[in-house]
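# Fold and contact review
Listed below are the residues making up each chain.
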Amino acid sequence: MAKKYFGTDGIRGKVGDAPITPDFVMRLGYAAGRVLTSIESNLAKGAHPAVLIGKDTRISGYMLESALEAGLSAAGVDVLMTGPMPTPAVAYLTRALRAQAGIVISASHNPFYDNGIKFFSSLGTKLPDDIEYAIEAELDKPMQVMESASLGKVSRVKDAAGRYVEFCKSTFPNTLDLRGLKIVLDCAHGATYHVAPPVFHELGAEIIVIGNQPNGININDQVGSTHPQALQRAVIAHQADLGIAFDGDGDRLMMVDSAGQLLDGDQLLYIIAVDRQANGLLQGGIAGTLMTNLALEHKLAAMNVPFARANVGDRYVLELLNQNNWQLGGENSGHILTLDKHSSGDGIIAALQVLQAVLQSKKTLAQFRADLMLYPQVLINVKIAKKIDLEHHDEIQASVKSAELALAGRGRVLLRASGTEPKIRVMVEGENKLQVQTLAEKIAAVVTQVTS
């Protein structure tokens, strides 16, 4: 059964349009509180469930934070506030503070005028489907505010940033440090602006920071992992050894070598996998997604490392890792999961894992990049005015089959609906860049025509 509000990464949309409105978010907080109260059986008698709330730097975060706070309190749930904090920090702090759930107010890499609500379980993982269904069912019921004596209380976690900085540093080997490295950090004017710099500085790196002046509306604006050009220019200008770009909520990253060349999530995943295999630390195989570059799959096969693809979305990568009892997986967008280090994707921790590989191997990012030459992969996002059944639309499927015939088994075609935006993502991958570009544009033209 399809969910009414929850997508692949929580609930997301344009601020002011349903469902990202103050009244809905207040009811969402209340519904989540009611569900948590009903399932939490190990609390001491009379104790309230506690929920941790963090947010990124969007101006709408203040409004939505207050609405969530009101709804949760009305349901008898205590609220712990962190202020601006990366999504993976909320996942960690939810576990560390023994909260019953964590909530992040963020739209990740989207523009400032979008926002969303993500939930974490008490274990620091995305909520199971059955809990999301239960919250949606509760949303259809009227609010019945608890008696005044039973309302939830609200307090602020004053040392949240410091706790998270120390946690990130603890995932890096004590025998290594970053002294001698000049690193440019791009914090996307987002939630990592005040935590990423101390992590890398305290580990010994010389750092130059850009994208660390959030004003509420500049998050992801020509900076961060979705706009790496600013990082590439800064690395060259400062003659840095490398650069690291996070997205607005800090759960994904891109990296740049000393020549300003970009490394995406597939290449970073490869670097970590090579290092772990070389040091006998690779448990099982690697989980990717339908978007993972075919070159990585072929390279891992040559290394005798098992590989499997999940649907796009870090929650599906996590499910696949858990099913196979593996630890390492990710997406080419820069979500990387290292389950021996953290329960969720974390841009800072993933960057530290890559730097660990660089130091231990004595190879540069440029040398690793040369080891894995990605196949040309063209992704076209087609805005749509109406939903469409991609799998059963004759014209679209005919264009896909035509492209697959042209690739003759030496590439892939993938169409999927975005889980967060009104778009169809058209991806074509193969050995010849011009052919791949032409085929992707032909399919995108068909999708545009039938959805306009």
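This text gives an overview of the structure that appears in the document. Quick caveat, the model's predicted, so the values are computed rather than measured. (Residues numbered from 1 in each chain as written. Predicted model: local features only at pLDDT ≥ 70, side-chain atom pairs only at ≥ 80, totals over all residues. Heavy atoms only, no water.)

## Some points on the sheet that holds strand S10 (residues 253-256)
In sheet architecture, strand pairing relies on hydrogen bonds along the backbone and comes in two forms, parallel and antiparallel. Selection rule: Only strands joined by at least two bridges in the DSSP assignment are considered to pair. By the criteria applied, helices consist of DSSP H or I runs no shorter than four residues and strands consist of E runs no shorter than two, each listed in order from the N terminus. Any two residues whose heavy atoms approach within 4.5 Å are treated as being in contact. Axis lines are fitted to C-alpha atoms, over the contacting stretch for helices. Their N-to-C directions set the angle, which ranges from 0 to 180 degrees.
Spatially, five strands are ordered S8-S7-S9-S10-S11 in an open sheet, and the strand pairing comes out mixed. Each edge of the open sheet is held by one strand with a lone partner, namely strand S8 (206-210) and strand S11 (262-263). When S10 meets S11, the two strands line up antiparallel, connected through two bridges. Its bridge partner being in S11, valine 256 is matched across the sheet by leucine 262. Helix H11 (residues 347-361) contacts strand S7 (182-186), strand S9 (242-246) and S10 of the sheet and is inclined by roughly 35° relative to S10.

## Re the sheet that holds strand S12 (residues 286-289)
Taken together, four strands build an open sheet; the order of strands is S13-S12-S14-S15 and the sheet is mixed. Two strands bound the open sheet, and with one partner strand each, they are strand S13 (307-310) and strand S15 (336-338). Averaged over all pairs of adjacent strands, the angle between their axes in this sheet comes to 20°, without regard to strand direction. In this sheet, strand S14 (residues 328-330) lies alongside S12 in parallel orientation, the contact comprising two bridges. Paired with alanine 287 across the strands is glycine 329, a residue of S14.

## Details of the side chain of arginine 315
Note the threshold: Whenever a nitrogen or oxygen atom comes within 3.5 Å of another N or O atom, the pair is scored as a polar contact, on the condition that within protein one atom can donate a hydrogen and the other can accept it, and that pairs from neighbouring residues in sequence are kept only if both atoms are in side chains.
Relative to the helices and strands, arginine 315 resides in helix H10 (residues 314-324). At 3.3 Å, the side chain of arginine 315 forms a polar contact with the side chain of glutamate 132. When near neighbours in sequence (up to four residues on either side) are disregarded, arginine 315 contacts Lys3, Gly7, Thr8, Lys126, Leu127, Asp129 and Glu132.

## Re the packing of helix H8 (residues 265-278) against helix H9 (residues 294-302)
Counted only if it meets this: Throughout this description, any angle smaller than 35 degrees is read as roughly parallel, any larger than 145 degrees as roughly antiparallel, any in the 65 to 115 degree range as roughly perpendicular, and the remainder as oblique. The handedness criterion is simple: a crossing whose near helix is rotated anticlockwise from the far helix by less than a right angle is left-handed, and one whose near helix is rotated clockwise is right-handed. Classification convention: Asp, Glu, Lys, Arg as charged; Ala, Val, Leu, Ile, Met, Phe, Trp, Tyr, Cys, Pro as nonpolar; all other residues, Gly among them, as polar.
Remark: H8 packs on H9, axes separated minimally by 10 Å, with the N-to-C direction vectors making an angle of 15°. The orientation of H8 relative to H9 falls into the category roughly parallel. Considering how the two elements wind past one another, H8 and H9 form a crossing that is right-handed. Across from Asp266, Leu269, Tyr270 and Ala273 in H8, the residues of H9 making contact are Leu296, Lys299 and Leu300. Grouping the constituent residues of the contact of H8 with H9 by class yields five nonpolar, no polar and two charged.

The quantities given are spatial measurements derived from coordinates; they are silent on function.
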